[in-house]
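# Structural description and commentary
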Amino acid sequence: MNKQDLKFKLRWWIKEHLLFYKNNLSNETTLEYTLPSEYGDFAIHPCVRYIPQGVGGYKWWMVVSPYPNYDTDKENILLFHGAENSDKEPPQKWIFVKEVCGTHPQGYNSDPNLHFDGKELWVIWREWETENVPEDCPVCCTMCSRTSDGINFSEHTIIAYNQYSEYGSKGDTSMCPTVYEYKNELCMYGSIYAYEPYLSPKGTGRYLYKNGFFTLDGFQQKANNWFDLWHFDLFEYNGYLYQIITGQFGNAIYIGRSKDGKTFKYSKRPLYSYPFFIKKNYFYKPTAQVIDNTLYVFFPRKTKNGGVRIVRRSMNATLLESLFTYK
């Protein structure tokens, strides 16, 4: 780590431990699921989707990536469905379905995401320096496998390239790829981040889908967000497209929203935080769904035995407006 990285991380670490705000999210429940034995009890990067018509008879789906002992070789793509099919609230118990993508000879997986197109469930993830990354694509690419029944899955295909091209720098325009259809446009969003010569958040990229591939259409430069925009998911409510976000430290959950799907404005207070210096919560990354005006947020939380479990909290979704009128 160079001095610039250390300075960057220290600044955000201090900020995230000085967030003394009232939390709107409450009623915490720990999800019940079992990872394959080689992954222990350490899961991050959840993405949860509610699909009213169901896929293979199941309405609730979740994808996670394990990260035992912070080992990127095991940061693979694990798919689950809910054990119950409630239309009122998410299930507490989840059933393992499949390891969609396992360990590579080189490089690793990260940042899984789910999207339902009306017929098929897409399982999306990012690959870093694996055998699948094309030579003309710097460092990483975005992969996808599809299923219409939760049993049979398509071959892994590339659906987007990293299009980072800043001279003298190394980075990504598609970190935490999130596929979402908003206002009849199928897009893929990702955080834009520089890794070299030093860590630096650049903003949010937006890709458009055409002929089976996503191409970078534009980006919002880092503007009025006062935090480290690292990983995020998207959900829609009351005409807005919301970003739900964590920084690298994962000690707070932030929120932004957009009316046009291109430009996001960010709340001046976090959605959820835990202001203690010693405790490392590792909320790495959140995901959310709105059901009957209730916002359900899922995120990882460290356990006393050193594991990381996915938990769920909720709030009245109408209270989201107050976060954007906060002075």
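Everything below is about the structure shown above.
A brief report on the enclosed structure follows.

What counts and what doesn't
Residues numbered from 1 in each chain as written. Predicted model: local features only at pLDDT ≥ 70, side-chain atom pairs only at ≥ 80, totals over all residues. Heavy atoms only, no water. Helix = DSSP H or I, 4+ residues; strand = E, 2+ residues; numbered from the N terminus. Rg over C-alpha atoms; globule rule 2.2 N^0.38 Å. Buried < 20%, exposed > 50% of the residue type's maximum accessible area, 1.4 Å probe, protein only. Contact = heavy atoms within 4.5 Å. Areas by Shrake-Rupley, 256 points an atom, 1.4 Å probe, with all protein chains shown as cover. Pairing = 2+ DSSP bridges. Polar contact = N/O pair within 3.5 Å; in protein donor to acceptor, adjacent residues only side chain to side chain. Phe/Tyr/Trp six-rings, centres within 6.5 Å; stacked < 30°, edge-to-face > 60°. Lys NZ or Arg CZ within 6 Å of the ring centre and 35° of its normal. Disulfide = S-S within 2.5 Å. Axes fitted to C-alpha atoms, helices over the stretch in contact; angles between N-to-C directions. Patch = residues over 30% accessible without salt bridge, like charges linked within 9 Å, V, L, I, M, F, W, Y side chains within 5 Å. Salt bridge = Lys/Arg side-chain N within 4 Å of Asp/Glu carboxyl O.

It is worth spelling out the overall build of the protein chain at this point. Along the protein chain, the regular secondary structure elements total 2 helices and 21 strands. Against the 2.2 N^0.38 benchmark of 20 Å for 327 residues, the protein chain shows a C-alpha radius of gyration of 18 Å, consistent with a compact globule. Overall, the C-alpha framework of the protein chain stretches about 45 × 45 × 45 Å when taken along its three principal axes. When each of the 327 residues of the protein chain is scored for burial, the buried share is 57%. Within the protein chain, contacts between residues at least 6 apart in sequence are counted, and of these 55% link residues at least 24 apart. Accessible area of the protein chain: about 14300 Å², with a carbon and sulfur share of 49%.

It is worth spelling out the pairing of strand β12 (residues 200-210) at this point. Pairing analysis gives 8 bridges linking strand β11 (residues 185-196) to β12, with the strands arranged antiparallel. Counted as the bridge partner of Met188 is Tyr207 from β12. Where β11 folds back on β12, the antiparallel hairpin that results is connected by 3 residues. One ladder, built from 8 bridges, connects β12 with strand β13 (residues 213-221); its direction is antiparallel. Looking across to β13, one finds that Tyr207 is bridged to Leu216.

Relative to the helices and strands, Asp172 is located in strand β10 (residues 170-182). Asp172 sits in the buried class, given a relative accessible area of 0%. Within the structure, the side chain of Asp172 is placed 3.3 Å from the backbone nitrogen of Met175, a separation counted as a polar contact.

Per the counting criterion, the structure on display carries 29 aromatic pairs. Taken together, a centroid distance of 5.9 Å and an interplanar angle of 70° make the contact between Tyr33 and Phe80 edge-to-face. One end of the pair, Tyr33, is in the loop between β1 (26-30) and β2 (43-55); the other, Phe80, is in strand β4 (residues 77-82), with 47 residues separating them in the sequence. Both residues of the pair, Tyr33 and Phe80, count as buried. A cation sits over an aromatic face here: Arg146 above Trp122, 4.1 Å from the ring centre. Stacked on the ring of Tyr240, the Lys or Arg Lys259 has its end atom at 4.2 Å from the ring centre.

This part covers the state of the cysteines. All chains considered together, the criterion is met by 0 disulfides. Cys144 carries a free sulfur, and the closest cysteine sulfur to it, the one in Cys101, is 12 Å from it. Taking the relative accessible area as the measure of exposure, Cys144 reaches 0% and is therefore buried.

The 4 strands lie next to each other as β2-β3-β4-β5, forming an open sheet whose pairing is antiparallel. On the outer flanks of this sheet lie β2 and β5 (94-101), each paired with one strand and no other. The average angle at which neighbouring strand axes cross in this sheet is 25°, direction not considered. In this sheet, β5 lies alongside β4 in antiparallel orientation, the contact comprising 6 bridges.

The next thing to look at is the sheet that holds strand β20 (residues 294-302). Pairing within the open sheet is antiparallel, and its 4 strands lie in the order β1-β21-β20-β19. Two strands in the sheet have a free side with no partner beyond their single neighbour: β1 and β19 (287-291). In this sheet, neighbouring strand axes are inclined to one another by 25° on average, regardless of whether the strands run parallel or antiparallel. Pairing of β19 with β20 involves 5 bridges; the strand directions are antiparallel. Paired with Val290 across the bridge in β20 is Leu295.

Another point: the environment of Leu320. Here Leu320 shows up in helix α2 (residues 320-323). By relative accessible area, which is 0% here, Leu320 ends up buried. The spacing of Leu320 and Arg257 is 63 residues in sequence and 9.9 Å in space, taken between C-alpha atoms.

Together, Leu10, Ile14, Leu18 and Phe20 line one region of the surface with nonpolar side chains, adding up to about 400 Å² of accessible area. Positionally, Leu10 belongs in helix α1 (residues 3-16).

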